[in-house]
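# Examination of the molecular architecture
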Amino acid sequence: MERIGIEKYDGVMDSAVLSEVQRTARAIYGMHVLHVNSTFHGGGVASMLNSLVPLMNDVGINADWNLLYGDPAVFAVTKKIHNGLQGESVRLTDQELDAYLALNRTCALYSPMAHDVVIVHDPQPLPMIRFVRRANPWVWRCHIDVSAPNEDVELAVRPLIARYDAAVVSSERFRRPSWHLDTYVIPPAIDPFSDLNREMSEAEIDGKLDQYGIVGAEPFLLQVSRFDKWKDPMGVIRVFDTVRQEAPCRLVLLGSMATDDPEGPALFREVQKAVEKRPDITLITASDPLLVNAAQRRAAVVVQLSLREGFGLTVSEALWKGTPVVATSVGGIPLQIIDGKTGSLVSPGDVQGATERITQLLQHPSRREEFGGAGREHVREHFLIPRLLLDWLRLLNRLA
Ligand code: UDP
């Protein structure tokens, strides 16, 4: 019998978690929950909601998912807010803030939001709460790294955050006492059955890599990321250039463009220029989860050298596939990588440190296997989607 819904995870992870999911859902069967974000594709939030929303429904929660339909000009403003909350010094004009509020007002007017609980993801739909008459709890789910925000930007959005009943962040590092809000820590998770993570045969992996021209005998390093300056693709190329002096390898940079990120195309062009006439670097922009899956499985080392990172689902994805990861110790990455056990952590911008760690792994296959094995078990215990579902059900119970 084909297993569907939450039952699929039995055998993949601790069955006690799955029983606890059912027990916790029982108290709130039929609860009407709405998730709001700003894109169905691209980035970790969309990929997580694609798994989480059906699972919530499967266990008896009546979960909907709506978008803040945007206008590109407003997404340029929300990206500035995102960057500001991650610490960049940006200046928001009154006109920009007005456009941001106006778009949210229009969407709020036309969206049914009388759910028992409304969960708003990230800054784009944050102001919607201002434009509804409500008698239900609203939760702001902030996925970004707010460990050191730009003060002016935080001040601009704080009155909006203050309207919420609770906030959820990905790591203890992101609690903000200045929000004066009940804040819960719920780290993200990956779905082992999605196309991004499901098992693939060696032949299927070969086929996918061939399709995109990832061919060659040398082992390859991989970073999978949206084209976003916080993911520092140019820094990855600098590290690769020094690694290559120590050990033969190639680099694959794989990235899509999120529909709500206006900065992506410009950074993509910069990277494209840097890798011209570089047969050792393959740059791919495609929206193909099976390609990401295949590349994460086949890479010798996955890197995630972000300067800031909300969580970094790509890290758990690679660890789940038994591939060793070298990543920066920012945001939610240290939850996933226990340095020296499930992978290697380096400081952001530390080219020499990253080079040493990657080179060691390239030269010692047994170390790669050790990290990969420990990483997979760490993800099994902490970062598979039923755990995320359970955390949400517990919070919904509290709010009910
Ligand atoms: N992703 C993808 N294709 C790409 C780039 C990213 O499918 O070209 C996926 C990636 O595998 C992960 C998510 O998008 O599931 C990115 O999540 P992460 O937390 O790493 O970063 P975010 O984009 O949310 O900052």
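Above this note sits the structure.
This one's a predicted model, so the numbers in the text were calculated from it and none came from an experiment. (Residues numbered from 1 in each chain as written. Predicted model: local features only at pLDDT ≥ 70, side-chain atom pairs only at ≥ 80, totals over all residues. Heavy atoms only, no water.)

## Looking at helix α5 (residues 151-161)
Within the span of α5, buried status applies to V153, E154, V157, L160 and I161. One side of α5 holds all its buried residues, which, seen down the axis, span an arc of 105°. Facing away from the buried surface of α5 by more than 90 degrees, the exposed residues are E151, D152 and P159. Elements in contact with the buried residues of α5: α3 (72-85), α4 (94-110) and β4 (138-141). (Buried < 20%, exposed > 50% of the residue type's maximum accessible area, 1.4 Å probe, protein only. Helix = DSSP H or I, 4+ residues; strand = E, 2+ residues; numbered from the N terminus. Arc of directions from axis to C-beta. Contact = heavy atoms within 4.5 Å.)

## Comments concerning the sheet that holds strand β9 (residues 281-284)
Here 6 strands make up an open sheet; going across it, the order is β9-β8-β7-β10-β11-β12 and the pairing parallel. Pairing within the sheet leaves two strands with one partner each, and these edge strands are β9 and β12 (344-346). Across the sheet, the mean angle separating the axes of adjacent strands is 20° when strand polarity is ignored. Relative to strand β11 (residues 325-328), strand β10 (residues 301-304) runs parallel, the two being bridged by 3 bridges. Its bridge partner being in β11, Q304 is matched across the sheet by A327. (Pairing = 2+ DSSP bridges. Axes fitted to C-alpha atoms, helices over the stretch in contact; angles between N-to-C directions.)

## Things to note about the environment of L18
Within the element layout of this structure, L18 appears in helix α1 (residues 15-26). On the basis of relative accessibility, which here comes to 8%, the residue L18 falls in the buried class. As for L18 and L390, which are separated by 372 residues in sequence, their C-alpha atoms are 8.3 Å apart. Residues contacting L18, with those up to four places away along its chain left out, are I6, Y9, D10, M13 and P386.

## Digging into the nonpolar core
By size, the foremost hydrophobic cluster in this structure holds 73 residues, and its most contacted members are L222, L389 and W392. The biggest single contributor to this core is helix α14 (residues 385-399), with 9 residues. Sequence-distant contacts of W392, that is, excluding residues within four places in its chain, are made with L52, M56, I119, V139, R141, V168 and I186. Among the nonpolar cores identified, the runner-up in size contains 36 residues, and M113, I129, W138 and F174 belong to it. (Core = buried A, V, L, I, M, F, W, Y, C linked by side-chain atoms within 4.5 Å.)

## Points about empty space enclosed by the protein
Evaluated as defined, the whole model comprises 2 cavities of 30 Å³ or more. Taken together, Q223, S225, R226, F227, K231, P233, L253, L254 and G255 make up the full set of residues lining the largest cavity. Residue composition of the lining of the largest cavity, by class: 4 nonpolar, 3 polar and 2 charged. Taken as a whole, the second largest cavity encloses approximately 60 Å³ of empty space. Lining of the second largest cavity is provided by V45, M48, L49, L52, H121, R141, H143, P188, L388 and W392. When residues of the lining of the second largest cavity are traced back to their parent elements, those giving at least two are α2 (44-58) and α14. Considering every element that reaches the lining of the second largest cavity, the biggest residue donor is α2, with 4 residues. (1 Å grid on protein atoms, 1.4 Å probe; cavity = no way out; pocket = protein on both sides within 12 Å on 5 of 7 lines; lining within 4 Å. Points joined across faces, edges and corners; volume = space filled by probe spheres on them. Nonpolar A, V, L, I, M, F, W, Y, C, P; charged D, E, K, R; others polar.)

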